[in-house]
Protein chains: 2
Amino acid sequence: MRNNRIAALFAGASLALTAQTFSSLQKSAKPLVLKSQGSFYIGGEKSEQTRVELGGLGPGGHIAVNQMYVRYMEPHRNKSNVPVVMVHGATLTGKSWETTPDGRMGWDEYFVRKGHSVYVPDQVGRGRSGFNQANINNVRAGTAPATGLPNLLRFSDEVVWPNFRFGLTPGAPFSDEQFPVDAVDELSKQAVPDLSFGGVPTPNPTLKALSDLAGQLHGAVLMGHSQSGPFPLAAALLNPAVAKGLVLVEPGRCPANYTDEQIKTLATVPVLAVFGDHRDIATGISTRPSWQESFNTCQELIRRLKAAGGQAEMLNPPDQGIRGNSHMIMQDRNNLQIADLILKWIDQRVSKRKK
Amino acid sequence: MRNNRIAALFAGASLALTAQTFSSLQKSAKPLVLKSQGSFYIGGEKSEQTRVELGGLGPGGHIAVNQMYVRYMEPHRNKSNVPVVMVHGATLTGKSWETTPDGRMGWDEYFVRKGHSVYVPDQVGRGRSGFNQANINNVRAGTAPATGLPNLLRFSDEVVWPNFRFGLTPGAPFSDEQFPVDAVDELSKQAVPDLSFGGVPTPNPTLKALSDLAGQLHGAVLMGHSQSGPFPLAAALLNPAVAKGLVLVEPGRCPANYTDEQIKTLATVPVLAVFGDHRDIATGISTRPSWQESFNTCQELIRRLKAAGGQAEMLNPPDQGIRGNSHMIMQDRNNLQIADLILKWIDQRVSKRKK
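Values in this document were obtained by computation on a predicted structure and should not be read as measured data.

Visitor: It is not clear to me how the confidence of the model for chain A should be interpreted in this structure. Could you clarify?
Guide: Note that predicted coordinates carrying low pLDDT should not be read in detail. Residue and element names in this part refer to chain A. Taken residue by residue, chain A gives an average pLDDT of 92. The fraction at 70 or more is 92%. Across residues 1-14, confidence stays below pLDDT 50; counting only partners more than four residues off in sequence or on other chains, it has 22 contacts. This prediction of the complex comes with two scores: 0.95 for pTM and 0.95 for ipTM.

Here is the structure:
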């Protein structure tokens, strides 16, 4: 019956959207005691724009662009634990790490409850970080060609289902699926247009912003997911001293083109790659051959880092008998079980590390 | 010297951007004890889009559009106080209500510390609520005319300064200015492209989402600011039973075209309009004659509501000897003093209201 209801969502006849209600959110029995919480921006620069570029309101002038929004929570008792920065993937925002689609606690709060300060950015170009709208307004005014528009990426529900490994066919979950598929519409709502590919400067300002954030925190674990899976590696190369640990959650790929010098630098920082289950599926509407390829690129990076004396590991839940995890592993029904494995790694490999 | 530094920001020669650091944020001495915190979406619908409209990744399919992101915090001890929903203004996001540009506590946390659950949305079309990108991708592909593009609005720093009443001339604050002008660059970073005028359906889905949110909370005080200043009134007309109080902070206008029937409905809900100081300025690059006009439209609405038996009031800080408040009154240096006046009104007019 559950599957029938989900299948109906994809039937196309109805555009109804299942709705989460506030009362359906699960509340913890224990209060959350924070030393502080709030938000701030990292980086950014001034751009001088014309009246047209600003949308016509007032004369030309300056605006801030390429800044990165960060929301944070510091636990009241943090035992000087290392801060953790959680970066979201393509077409998503920091919401990825908050309350799950089915209303359970997200990793942002769970890591705080485990004594870590947590910092959740929106990548430059998305969410509360905004984006540079000048090109779009120029095209609208006819002063620039339409080909100069950024490509605004969205994943359809039908693409998400197999690619995020909820099941082979939209509406039909794997029998052991850990993603809360009844609430898949809530994941759909989390998506925003993604300007990363053509609408954000190169190199992506998010990389330096992550490195600068880690510096301001006097060291942090950097965690990326999917599109941002390799971002912690890139940020560590900018300033390895403040990258205390790198957690690559379901990265689209682990880079294969690092020089030996770069590998030597990255080998000074503990690295953990984390993958879900069902990586071998390749469907007709899948955008990639399989996630096993991504896994393999990370195995190869781990091999290179270890050969250079690094502390690099793979967290492959099926090896521990944990089955059915999806690409959205931080939202899966067993998300706190996976979090505990990452927290244990941070404790052993980062917090207790011999300098 | 302070003014010299600010003036330099507008000199045009340098595009440097002053930066806030995490260590500069002020922390409260008292921990924040939450019953719960998290985020969720209200509303939304499914849109079937083509491959081009989705940015070319995979075949056509369905995505969610027009949903509204809401972040919330519930205090551990809330004494059954009425929840408060805080909606941001044009070109901004829910960040408006969080940590101030100069790193002080925002109204979101302050109201929680005063015992109210607080809900901070991003308006549909902005921030973590995303926007419908289909038109933009169609124009990029040449399948739609450039004139179909939404107008993406941004306020320049030069337009913000006099319009938000930091002073007559960019870089030169009023002598009694309450906005933390040294941190004006941090306000600039809070801005995102605003699709409200042409890129969001009519009526704006945010209005029903606010009403639905208040319904889910079994009643709430709805607070709007600037562009969204009149939103609480519109949401109350959709469902007056769940609108327990309406706080209109520096609304662009109070509507003058309500029917007597609508006034009768709105008169069943307590209303408070809140304005800052220096409303009479009108500069060459100001986009409006003066904010005194906005004030006057709200005085007229208050008059109509009171004539219909309603409980409607104006909070005009200068009347109480509080001078120098800006359009961003929730971020002003005396923001908690203003918050206390609103909290007192909620306590007297909403919480203690005879049914």
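Now, onward.
Visitor: Help me understand the pattern of salt bridges, please; the structure alone is not making it clear to me.
Guide: Pairing of side chains with opposite charge becomes possible as their charged atoms draw close. Overall, the coordinates contain 36 salt bridges over all chains when judged by the stated rule. Taking the shortest distance from any N to any O, the salt bridge between Asp194(A) and Arg126(A) comes out at 3.3 Å. Note that Asp194(A) is positioned in the loop between helix H5 (184-189) and helix H6 (205-216) and Arg126(A) in the loop between strand E4 (118-122) and helix H3 (134-141), a separation of 68 residues in sequence. Grouping residues by exposure puts Asp194(A) and Arg126(A) together as buried. The closest approach of N and O atoms between Arg128(A) and Glu98(B), which form a salt bridge, is 2.8 Å. With Arg128(A) in the loop between E4 and H3 and Glu98(B) in the loop between strand E3 (84-86) and helix H2 (107-113), this residue pair bridges two chains.

Visitor: What's the story with the interface of chain A and chain B in this structure? I'm lost.
Guide: For interface size, the figure often reported is the accessible area lost on association. Taken together, the contacts link 86 residues of chain A with 87 residues of chain B. Summing both sides of the interface, chain A and chain B together bury roughly 7800 Å²; the carbon and sulfur share of this comes to 55%. Among the residues chain A hides against chain B, the three largest losses belong to Phe22(A), Lys46(A) and Arg128(A). Together they make up 11% of the total. Two residues, Asp185(A) and Lys46(B), come together in a salt bridge whose shortest N-O distance is 2.5 Å.

Visitor: When you look at the relation of the copies chain A and chain B in this model, what are you seeing that I'm missing?
Guide: The second copy of the chain is related to the first by a rotation about an axis and a shift along the axis. By a simple turn and slide, chain A fits onto chain B: the slide is 0.0 Å along the axis, the RMSD is 0.0 Å, and the turn is 180 degrees. What the superposition gives is, in effect, a two-fold axis relating one chain to the other. Among all C-alpha atoms of chain A, that of Gly127(A) lies closest to the rotation axis, at 1.9 Å. A high fraction, 100%, of the interface residues of chain A reappear at the interface in chain B, so the copies pair face to face through one surface.

Visitor: Please clarify how unusual backbone geometry should be interpreted in this entry.
Guide: Apart from glycine, the bulk of residues carry a negative phi angle, and the bulk of peptide bonds sit in the trans form. Cis rather than trans, the peptide bond between Thr202(A) and Pro203(A) has omega equal to -5 degrees. Note that Pro203(A) resides in the loop between H5 and H6. A positive phi angle, near 55 degrees, is found at His278(A), a position not held by glycine. Along the chain, His278(A) turns up in the loop between strand E7 (271-274) and helix H9 (291-307). With relative accessibility at 19%, the residue His278(A) sits in the buried group. Phi is positive for Asn66(B), which is not a glycine, with a value near 70 degrees. Inspection of the secondary structure puts Asn66(B) in strand E2 (residues 61-75).

Visitor: Could you clarify how one ought to interpret the pairing of strand E7 (residues 271-274) of chain B in this entry?
Guide: Taken residue by residue, a regular strand's side chains alternate between the two faces of the sheet. All names here are of chain B. Across the two faces of E7 the burial is the same, with Val 271 and Ala 273 and Leu 272 and Val 274 all buried. Between strand E6 (residues 243-249) and its parallel partner E7, the chain crosses via helix H8 (residues 260-266), and the hand of that crossover is right-handed. Pairing of E7 with strand E8 (residues 312-315) involves 4 bridges; the strand directions are parallel. Looking across to E8, one finds that Val 271 is bridged to Ala 312.

Visitor: Teacher, can you tell me more about the state of the cysteines here?
Guide: One covalent bond between the sulfur atoms of two cysteine residues makes up a disulfide. All names here are of chain B. For the structure shown, the criterion picks out 2 disulfides over all chains. Paired through a disulfide, Cys 254 and Cys 298 show a sulfur-sulfur distance of 2.1 Å. On the sign convention where negative is left-handed, the bridge of Cys 254 and Cys 298, at about 85 degrees about the S-S bond, is right-handed. With Cys 254 in the loop between E6 and H8 and Cys 298 in helix H9 (residues 291-307), this pair connects stretches of sequence that are 44 residues apart. Residue class for Cys 298 comes out buried when judged on its relative accessible area of 1%.

About the criteria used
- The written sequence of each chain sets the order in which its residues are numbered from 1.
- A letter from A marks each chain and a number from 1 marks each ligand, given out in the order of writing.
- Per-residue local features are limited, in this predicted model, to residues with pLDDT of at least 70; the limit for side-chain atom pairs, both in listing and counting, is 80 or more; totals at the level of whole chains, interfaces and linings are taken over all residues.
- Side-chain metrics in this entry use all non-hydrogen atoms of the structure; hydrogen atoms and water are not considered.
- Confidence of the predictor at the level of single residues is given by pLDDT, which spans 0 to 100.
- Throughout, a residue-residue contact means that at least one pair of heavy atoms, one from each residue, lies within 4.5 Å.
- Salt bridge, as used here: a side-chain nitrogen of Lys or Arg that lies within 4 Å of a carboxyl oxygen of Asp or Glu.
- What counts as a helix is a DSSP run of H or I of at least four residues, what counts as a strand is a run of E of at least two, and both are numbered from the N terminus.
- Whether a residue is buried, partly exposed or exposed follows from its accessible area with a 1.4 Å probe, protein chains only, as a fraction of its type maximum: under 20%, in between, or over 50%, in that order.
- When two parts are brought into contact, each loses some accessible area as probed by a 1.4 Å sphere; the total of that loss over both is the buried area.
- We superpose the copies by least squares over the C-alpha atoms of residues that have a pLDDT of at least 70 in both of them.
- Crossovers are described as right-handed under a simple rule: with the strands pointing away from the observer, the path leading from the first strand over the helix to the second runs clockwise.
- A strand pair is defined by DSSP finding two or more bridges across the two strands.
- A pair of sulfur atoms, both from cysteines and within 2.5 Å, is called a disulfide here.

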